[in-house]
Each structure stands twice: as structure tokens, then as C-alpha cells.
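This is what each chain is made of:
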Amino acid sequence: MDSSEQTNFPTPYLREAYLQRFPVAAGQRLETVFLLKSATQQITNVLNGWLEGTAGSPARFQTLALLWGAGDRLVPHQEIIATLQVKRATVSALMFSLEQEGLVRSVGDQQDRRRLLATLTEKGREIFTSAMDLNASRLANALADVSPEELALFQRLLARIRDGFLKVAEDEANQ
């Protein structure tokens, strides 16, 4: 049985119990969340394996990607925090590790000494481009059965789902 034939609930008995309590549309919403969570976990597991021999982890890859994309522009650590959507302490530990390995360099901002600015080293650029080149073909293979139009639609749907969750969380925080 391929994944399209499986129920997206963790177990058939949970699906049955849920559908006895809630309408079919509610079951479909829950099933969608379970499938999205499962897909995200599988993608994370695969990406971790792909990046293990190069950038090390998705967070490290994203940080190197951000610095690579910035070119010669120094990137404030605050921008890395905002991009990764993590706490300052997480980025501090991440940057410390990347600096220890010689992949990035951080310097104090001349205008605001409290701010740190980061850039890729040549070694960091080589590691990142190697990871990017290797994983571009893996990603192409993983998504080979999905057309560009389907990817665009999927991205729009995921953005709407993300925004829906963010709105509910915001509404609840404001109550």
C-alpha cells in the first residue's frame, strides 16, 4: 500500500472515534494536520541526513545560505534570528559553532557595538556551495513527480495554512 492509500490519522480507531464525535469536515482538517506533521517530520529526517556530511543541519544550512545570499554585505545576527525564527541564544550558539569551525566570521558593528555582523569565510562559502550543489539534484529527484504549477499551488496553500494558524495564535494571545 502506498502512502496515498493510507489513512493520515495515526490509527484507524482514532479516526473512527474522532468521526463519531465531529463532522467529516473536522476529520478532514485533523487528517490534514496529521499528514502535514508527518510529511514535515519525514522531510526533516531526510534533510538532516543530506546535510550531515556538509553543512551539518538545516539551521546551519539556512544560516550559511543567508550569508551566502548576502554576498559581501555583513548580516546582523538579528536578521539571522528573524529569518530562522528562533531565540537569540539559539543563534548565538549556532554562530559560535560556525565560527569555531572557521565557516563564518562575526565582527562588532562600528555604529552600534552591541550589534554583531556576520559574513561567510572562504571555507564557509565552499562548504555551503558544496551542500547546495549536492542537494539540488536530490531535491529535484524528490520532487520530480510534482509540476512547477503544482509546486506553486502547494506553496500558496501552505502559506494560507501557516497564516491561518498564526492568526488563531495571535487572536488567542490577544484575548
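Report follows, based on the coordinates. This structure is a prediction, so every number in the text was calculated from the model and none was measured. (Residues numbered from 1 in each chain as written. Predicted model: local features only at pLDDT ≥ 70, side-chain atom pairs only at ≥ 80, totals over all residues. Heavy atoms only, no water.)

1. A few points about the sheet that holds strand β2 (residues 104-108)
Which entries qualify depends on this criterion: A pair of strands is labelled paired if DSSP reports no fewer than 2 bridges between them. Secondary structure elements follow DSSP: runs of H or I of four or more residues count as helices, runs of E of two or more count as strands, with numbering from the N terminus. Note on contacts: a residue pair is in contact if any heavy atoms of the two residues lie within 4.5 Å. Lines fitted to the C-alpha atoms define the axes, with helices restricted to the stretch that makes contact. Angles between their N-to-C directions range from 0 to 180 degrees.
The three strands lie next to each other as β1-β3-β2, forming an open sheet whose pairing is antiparallel. Strands at the two margins of the open sheet, each flanked by one partner only, are β1 (75-76) and β2. Judged from the two bridges that link them, β1 and strand β3 (residues 116-120) form a sheet pairing that is antiparallel. Each bridged residue has a counterpart across the sheet, and for V75 the counterpart in β3 is A118. Where helix α5 (residues 88-100) meets the sheet, it contacts β2 and β3, and its direction lies at approximately 115° from that of β2.

2. Some words on unusual backbone geometry
To be explicit about the condition: Think of it in three bands: residues with accessible area under 20% of the maximum for their type are buried, residues over 50% are exposed, and the middle band is partly exposed, with areas taken using a 1.4 Å probe on protein chains only.
One non-glycine residue, Q85, adopts positive backbone phi at about 55°. For Q85, the position within the fold is in the loop between α4 (77-84) and α5. Accessibility expressed as a relative area gives 71% for Q85, which makes it exposed.

3. Examining the pattern of salt bridges
Applied cut-off: Basic side-chain nitrogens of Lys or Arg form a salt bridge, by our definition, when they fall within 4 Å of a carboxyl oxygen of Asp or Glu.
Scanning the model with the defined rule gives seven salt bridges in all. The residue D171 makes a salt bridge to K167 at a minimum N-O spacing of 2.8 Å. Remark: K167 and D171 occur in helix α7 (residues 148-173); sequence separation between them is four residues, near one turn of the helix. Residue classification places D171 among the partly exposed residues on the basis of a relative accessible area of 33%.

Keep in mind these numbers describe shape, not what the thing actually does.
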